[in-house]
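Structural description and commentary
Listed below, chain by chain, are the residues.
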Amino acid sequence: MTVKGRVLFDSERCKACGICIAFCPNEVLALDESHINGQGYTPAYAQKPEACIGCKICAMMCPDMAIIVERA
Ligand code: SF4
Ligand code: SF4
């Protein structure tokens, strides 16, 4: 059975650098252009949450520790 994950963001920490988006192997993530956080950035979110395999690469790469991945 394929391992699944659930990616959770602390959107207020996100600086929209795009690193998590670039490193996700399944193109799960994107910047939410419809939302601006308190720092003035469009934060990352899971645009294809069903495609997350729980690898945690995004959480390891985020320089602002804005991501937590739960294994589902
Ligand atoms: S845990 Fe892996 S598959 Fe899921 S969003 Fe993060 S990098 Fe992508
Ligand atoms: S790596 Fe972190 S700070 Fe950069 S876009 Fe992703 S969640 Fe935001």
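Overview of the structure. Quick caveat: nothing in here was measured; it's all calculated off a predicted structure.

Moving on, we get to the site of ligand 1. Around ligand 1 sit 15 residues, and of these Cys24, Val28, Cys52, Cys55 and Cys58 come closest. Among the elements of the structure, strand 1 (5-9) and helix 2 (57-61) are those that each provide at least two residues to the shell around ligand 1. By residue class, the composition of the shell around ligand 1 is eleven nonpolar, three polar and one charged.

The next subject is the nonpolar core. The biggest cluster of nonpolar side chains holds 14 residues, and the ones touching the most others in it are Val7, Cys20, Val28, Leu29, Cys58 and Ile67. Put simply, the parts of the chain that give this core at least two residues each are strand 1 and strand 3 (44-46). Excluding residues within four positions of it along the chain, Ile67 makes contact with Val7, Phe9, Cys20, Cys58, Ala59 and Cys62.

For the rest of this paragraph, the subject is unusual backbone geometry. A negative phi holds for most residues other than glycine; trans holds for most peptide bonds. You will see that Glu27, though not glycine, has its phi angle at about 55°, which is positive. Within the secondary structure layout, Glu27 lies in the loop between helix 1 (19-23) and strand 2 (29-31). C-beta crowding within 10 Å serves as the criterion here: with 10 such atoms nearby, Glu27 is assigned to the exposed category. Even without a glycine there, the phi angle at Met65 is positive, about 50°. When the 10 C-beta atoms within 10 Å are taken as the criterion, Met65 is described as exposed.

Cut-offs used in this document
Residues numbered from 1 in each chain as written. Chains lettered and ligands numbered in written order. Predicted model: local features only at pLDDT ≥ 70, side-chain atom pairs only at ≥ 80, totals over all residues. Near = placed C-beta within 6 Å. Helix = DSSP H or I, 4+ residues; strand = E, 2+ residues; numbered from the N terminus. Nonpolar A, V, L, I, M, F, W, Y, C, P; charged D, E, K, R; others polar. Core = buried A, V, L, I, M, F, W, Y, C linked by C-beta atoms within 7 Å. Buried ≥ 20, exposed ≤ 12 C-beta atoms within 10 Å, placed from the backbone. Contact = placed C-beta atoms within 7 Å.

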